[in-house]
Amino acid sequence: MCENIKLNREILGKSEYCYAARFKVFVALLFLANQSDGFVDGLWLKRGELVTTQKALAERVSLTVKQVRLALAALKKAGVITTRTSRVNTIVSICNFDSYMV
């Protein structure tokens with residue numbers, strides 16, 4: 001798991017981060033994302049990707065599933081993340097992941 005991330009001050013002025021739930025989910029995704037390519041739970045994930053469920057993410061960041069779902073949708077609409085969803089889980093890919101790593 002990542003120990004350090006880098007956030008630019010410009011992030012404060014961007015609308016996709018103006019709500020606490022969105023920002024909380026985004027920061028959690030940065031910390032939870034894979035640091036290198038490899039298999040996780042039998043799935044091949046690239047650097048900057050993670051496999052999760054909305055329920056698991058909600059429990060991890062102390063939000064409701066609805067708040068997480070809306071935050072993921074807003075981040076996706078803003079082009080910050082992409083998602084691939086199956087019946088069982090969601091693979092989240094953080095766009096420009098390396099720009100957030102120290």
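Look a little higher up for the structure.
Everything numeric here is computed off the predicted structure, so don't read it as measured data. (Residues numbered from 1 in each chain as written. Predicted model: local features only at pLDDT ≥ 70, side-chain atom pairs only at ≥ 80, totals over all residues. Heavy atoms only, no water.)

## Brief notes about the environment of Leu72
And then number 1: Within the secondary structure, Leu72 is located in helix H3 (residues 65-77).
And then number 2: Taking C-alpha positions, Leu72 is 9.7 Å from Ala21, a pair spaced 51 residues apart along the chain.
And then number 3: Excluding residues within four positions of it along the chain, Leu72 makes contact with Val25, Leu29, Gln54, Leu57 and Ile81. (Helix = DSSP H or I, 4+ residues; strand = E, 2+ residues; numbered from the N terminus. Contact = heavy atoms within 4.5 Å.)

## Observations regarding helix H2 (residues 54-61)
Three or four residues apart is the spacing at which side chains of an α-helix point the same way, because the helix has 3.6 residues per turn.
And then number 1: Those residues of H2 that sit buried are Leu57, Ala58 and Val61. Buried residues of H2 fall within an arc of 100 degrees about the axis and therefore sit on the same side. In H2, the exposed positions angled more than 90 degrees off the buried face are occupied by Lys55, Glu59 and Arg60.
And then number 2: Ser62 sits one or two residues past H2 and shows a positive phi near 55 degrees. (Buried < 20%, exposed > 50% of the residue type's maximum accessible area, 1.4 Å probe, protein only. Arc of directions from axis to C-beta.)

## Focus: the pairing of strand E4 (residues 81-85)
And then number 1: Taken together, the 5 bridges between E4 and strand E5 (residues 90-94) define a ladder with antiparallel strand orientation. Residue pairing in the sheet places Ile81 in a bridge with Ile94 of E5.
And then number 2: Where E4 folds back onto E5 in an antiparallel hairpin, the turn is made up of 4 residues. (Pairing = 2+ DSSP bridges.)

## Observations regarding the pattern of salt bridges
And then number 1: Evaluation of the coordinates by the stated rule reveals 2 salt bridges.
And then number 2: In this structure, Asp98 and Arg47 form a salt bridge, with 2.6 Å as the shortest nitrogen-oxygen distance. In this pair, Asp98 sits in the segment after E5 while Arg47 sits in the loop between strand E2 (43-45) and strand E3 (49-52), placing the two residues 51 residues apart along the sequence.
And then number 3: Note that Glu49 and Arg84 form a salt bridge whose closest N and O atoms lie 3.5 Å from each other. (Salt bridge = Lys/Arg side-chain N within 4 Å of Asp/Glu carboxyl O.)

## Observations concerning the packing of aromatic side chains
Each aromatic ring pair is described using two quantities: the centre-to-centre distance and the angle formed by the ring planes.
And then number 1: As enumerated under the stated definition, the model contains 2 aromatic pairs in all.
And then number 2: Aromatic side chains Phe26 and Tyr100 sit 5.2 Å apart centroid to centroid with 75 degrees between the ring planes, which places their arrangement in the edge-to-face category. Here Phe26 is found in helix H1 (residues 20-32), whereas its partner Tyr100 is found in the segment after E5, with 74 residues between them in sequence.
And then number 3: Judged by relative accessible area, which is 0%, Phe26 ranks as buried.
And then number 4: Judged by centre distance (5.1 Å) and plane angle (70 degrees), the rings of Phe39 and Trp44 are edge-to-face. (Phe/Tyr/Trp six-rings, centres within 6.5 Å; stacked < 30°, edge-to-face > 60°.)

Functional significance is not addressed by these values, which are geometric in nature.
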